[in-house]
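Observations on the model geometry
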Amino acid sequence: MLPFDAVLTDFDGVLRHFDHAAQASIEARYGLPLMKTAFDPTFIGPATIGRATEAQWAESVAVALGGDERARQAVAEFMDIRFWVDDEVRALLARAQQYVPVILVTNAMDTLEGHLDLLGLTYFADDVVSSHRVGVAKPDPRIYAIAAERAGVPPERCLFVDDRLANVEAARELGMTAVHYRALADLASALHLPD
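Our subject in this report is the structure included herewith. Just so you know, these numbers come straight off a predicted model, no measurement behind them.

1. Some details on the packing of aromatic side chains
Considering all chains together, one arrives at four aromatic pairs under this definition. Here the aromatic rings of Tyr-144 and Phe-160 are separated by 5.1 Å at their centres, their planes lie at 65°, and the arrangement is edge-to-face. Of the two residues, Tyr-144 is situated in helix H9 (residues 141–151) and Phe-160 in strand E6 (residues 158–162); the sequence distance between them amounts to 16 residues. Here Tyr-144 falls in the buried class, since its relative accessible area comes to 0%. Relative accessible area serves as the criterion here: at 0%, Phe-160 is assigned to the buried category. Grouping aromatic residues by their ring pairs yields a cluster made of Phe-39, Trp-57 and Phe-78. Sitting over the ring of Phe-83, Arg-16 keeps its end group 4.7 Å from the ring centre.

Right, here's the structure in full:
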């Protein structure tokens, strides 16, 4: 028996990864603070709780960066950065699914379902809790409660995995076992899967 009855896992930074070198290269070429602006809560916040679309978020970032054609081109390149699935993480989570449900819990935009489809993950998780669809984002405790309810288990029987420490700490406050993901070994040791 595993020491938990469900795995709640983050998507970006755990299962999906972006080309950070390409992001830095775009910033350097255009001389614009793309990352800082794009992930400023003022701009990204509404898009992650269903109050704006990804397209509206991108436009707000372009406007904040000057609103000219150069800023829009930089944002367009930023939006087209390559992303991929970590196959080792996917395999570990698939093994966990042999024993317990695996739920994606992600701060996402309206394009999440399309991205999951593109990555071949549409039917991978037992459920997906998208902040854009439920109207609350991590580390708000309500999104964790929604995920535990969808998994059909109490919070204290959930293993929560995230690459952001603030999100991990919020899960712990709800009584979840939580792991700060930095490398595959973090996930492997937390899962306690039988050999």
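The structure having been displayed, the exposition proceeds.
2. Regarding the nonpolar core
Residues Val-7, Leu-15 and Leu-191 are the most contacted members of the largest nonpolar core, which totals 30 residues. Contributing elements (two or more residues each) for this core: strand E3 (83–85), helix H6 (87–96), strand E4 (102–106), helix H7 (112–118), E6 and helix H11 (184–191). For this core, the element with the most residues is H6, which contributes four residues. In contact with Leu-191, other than residues within four places in its own chain, are Leu-2, Phe-4, Val-7, Leu-92, Ala-96 and Leu-159.

3. Points about the pairing of strand E1 (residues 6–9)
By the alternation rule, side chains of E1 split into Ala-6 and Leu-8 and Val-7 and Thr-9, which are all buried. As paired strands, E1 and E6 are joined by four bridges and run parallel to one another. From the neighbouring strand, Leu-8 faces E6, where its bridge partner is Phe-160. Where E1 and E4 come together, three bridges link them in parallel fashion. Looking across to E4, one finds that Leu-8 is bridged to Ile-103.

4. Describing the environment of Val-153
Along the chain, Val-153 falls in the loop between H9 and E6. For the pair Val-153 and Pro-101, spaced 52 residues apart in the sequence, the C-alpha separation amounts to 9.8 Å. Apart from the residues within four sequence positions on either side, Val-153 is in contact with Asp-5, Ala-6, Ala-148 and Cys-158.

5. Things to note about unusual backbone geometry
Phi is mostly negative for residues that are not glycine, and the peptide bonds are mostly trans. For the bond from Lys-138 to Pro-139, the omega torsion is 10°, close enough to zero to count as cis. Along the polypeptide, Pro-139 turns up in the loop between helix H8 (131–134) and H9. Positive phi, normally seen in glycine, also occurs at His-192, with a value near 55°. Note on placement: His-192 falls in the segment after H11.

The rules we used
Residues numbered from 1 in each chain as written. Predicted model: local features only at pLDDT ≥ 70, side-chain atom pairs only at ≥ 80, totals over all residues. Heavy atoms only, no water. Phe/Tyr/Trp six-rings, centres within 6.5 Å; stacked < 30°, edge-to-face > 60°. Helix = DSSP H or I, 4+ residues; strand = E, 2+ residues; numbered from the N terminus. Buried < 20%, exposed > 50% of the residue type's maximum accessible area, 1.4 Å probe, protein only. Lys NZ or Arg CZ within 6 Å of the ring centre and 35° of its normal. Core = buried A, V, L, I, M, F, W, Y, C linked by side-chain atoms within 4.5 Å. Contact = heavy atoms within 4.5 Å. Pairing = 2+ DSSP bridges.

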